[in-house]
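What follows is the residue order along each chain.
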Amino acid sequence: GYMDAAVSFLRDRGLKVRNSVFYARGLFEDRAQGLGIPIEEVPEALQAATVIYGCLFGGDVRFFREPLYQDFFRYMDARQGFETAGWSNQFFLGTAAAAFLWQSEIMR
C-alpha cells in the first residue's frame, strides 16, 4: 500500500522523517519498540499514514522542484497507486513535507 511504498523510498535512500509531528506511523513504531514487540504485530501501524491537519495546498515552489521531491514523486507514481488505489494527493504532499522539511519550515 501507500505507506509501504513511502517507507521503502525513505529506507532505500537512508532518509529519516524530519518532521515527526506529521508522521503517524512513527508514533506506533515508538510504542511497539517501547513494548518490545515487532511493528508487524501492530496492525494499525501498518495502515497508518501521514497526518496533516488542515490543507497543505501550497508552498515555496522550490520545494516542489527539488530533486528529492521529484524523485519521490517518480518513485510513488511508478507504483500506480494514484490510479489503481486512489492514493490521496494530501497523503503524498503530507509525506513529502514530513520527510523532507523541518518543522520550522512548515506554517500552519
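So, here's what we can say about the structure. (Residues numbered from 1 in each chain as written. Predicted model: local features only at pLDDT ≥ 70, side-chain atom pairs only at ≥ 80, totals over all residues. Heavy atoms only, no water.)

## Some remarks on helix α5 (residues 67-78)
Using the following cut-off: Numbered from the N terminus, helices here are DSSP runs of H or I no shorter than four residues, and strands are runs of E no shorter than two. One less than the number of residues in a helix, times 1.5 Å, gives the span that helix is expected to have. The buried label applies to any residue whose accessible area, calculated with a 1.4 Å probe on protein chains only, is under 20% of its type's maximum; exposed applies above 50%, and partly exposed to all values in between. The directions considered for the arc run from the helix axis to the C-beta atoms. Note on definitions: a residue-residue contact is assigned when non-hydrogen atoms from the two residues lie within 4.5 Å.
Taking 1.5 Å of rise per residue, the 12 residues of α5 would be expected to cover 16 Å, and the 16 Å separating its terminal C-alpha atoms lies within 8% of that figure. For α5, the full list of buried residues reads Tyr 69, Phe 72, Tyr 75 and Met 76. All buried residues of α5 project into a common sector of 125° when viewed along the axis, lining one side. In this structure, α5 carries Pro 67, Arg 74 and Ala 78 as exposed residues pointing more than 90 degrees from its buried face. As for α5, its buried residues are in contact with α1 (2-12), α4 (61-65), α6 (81-84) and α7 (89-100). Looking one or two residues past α5, Gln 80 carries a phi angle of roughly 60°, positive in sign.

## Quick notes on the packing of aromatic side chains
Here is the rule: Whether two aromatic rings pair depends on their centres lying within 6.5 Å, for rings of Phe, Tyr and Trp, where Trp uses its six-membered ring; planes under 30 degrees apart make the pair stacked, over 60 edge-to-face, and the rest tilted. Lysine NZ or arginine CZ positioned within 6 Å of the ring centre and within 35 degrees of the ring normal marks a charge as sitting over the ring.
In this structure the tally under the stated criterion is 14 aromatic pairs. With a centroid separation of 6.3 Å and an interplanar angle of 70°, the aromatic rings of Phe 9 and Phe 100 are classed as edge-to-face. Of the two residues, Phe 9 sits in helix α1 while Phe 100 sits in helix α7, which places them 91 residues apart along the sequence. A single burial state applies to Phe 9 and to Phe 100, both of which are buried. Ring geometry for Tyr 69 versus Phe 92: centroids 5.6 Å apart, planes at 70°, classification edge-to-face. Here Phe 92 lies in helix α7 and Tyr 69 lies in helix α5, a separation of 23 residues in the sequence. By the burial criterion, Tyr 69 is buried, and Phe 92 matches it. An aromatic cluster of three or more residues is present, and its members are Tyr 2, Phe 9, Phe 63, Phe 64, Tyr 69, Phe 72, Phe 73, Tyr 75, Phe 82, Trp 87, Phe 92 and Phe 100. One cation-aromatic arrangement involves Arg 79 over Tyr 75; the distance from NZ or CZ to the ring centre is 3.6 Å.

## Details of α7
For α7, built from 12 residues, the straight-helix expectation of 16 Å at 1.5 Å per residue is met to within 8% by its first-to-last C-alpha distance of 16 Å. Residues of α7 that are buried include every one of Phe 92, Leu 93, Gly 94, Thr 95, Ala 96, Ala 97, Ala 98, Ala 99 and Phe 100, and no others. Residues of α7 that are buried sit in contact with α1, α4, α5 and α6.

## Here we look at the environment of Phe 9
According to the relative accessible area criterion, Phe 9 is buried, its value standing at 0%. Linking Phe 9 and Tyr 75, residues 66 residues apart in sequence, is a C-alpha distance of 7.3 Å. Those residues within four positions of Phe 9 in sequence are excluded, and the remaining contacts are Leu 15, Leu 68, Asp 71, Phe 72, Tyr 75 and Phe 100.

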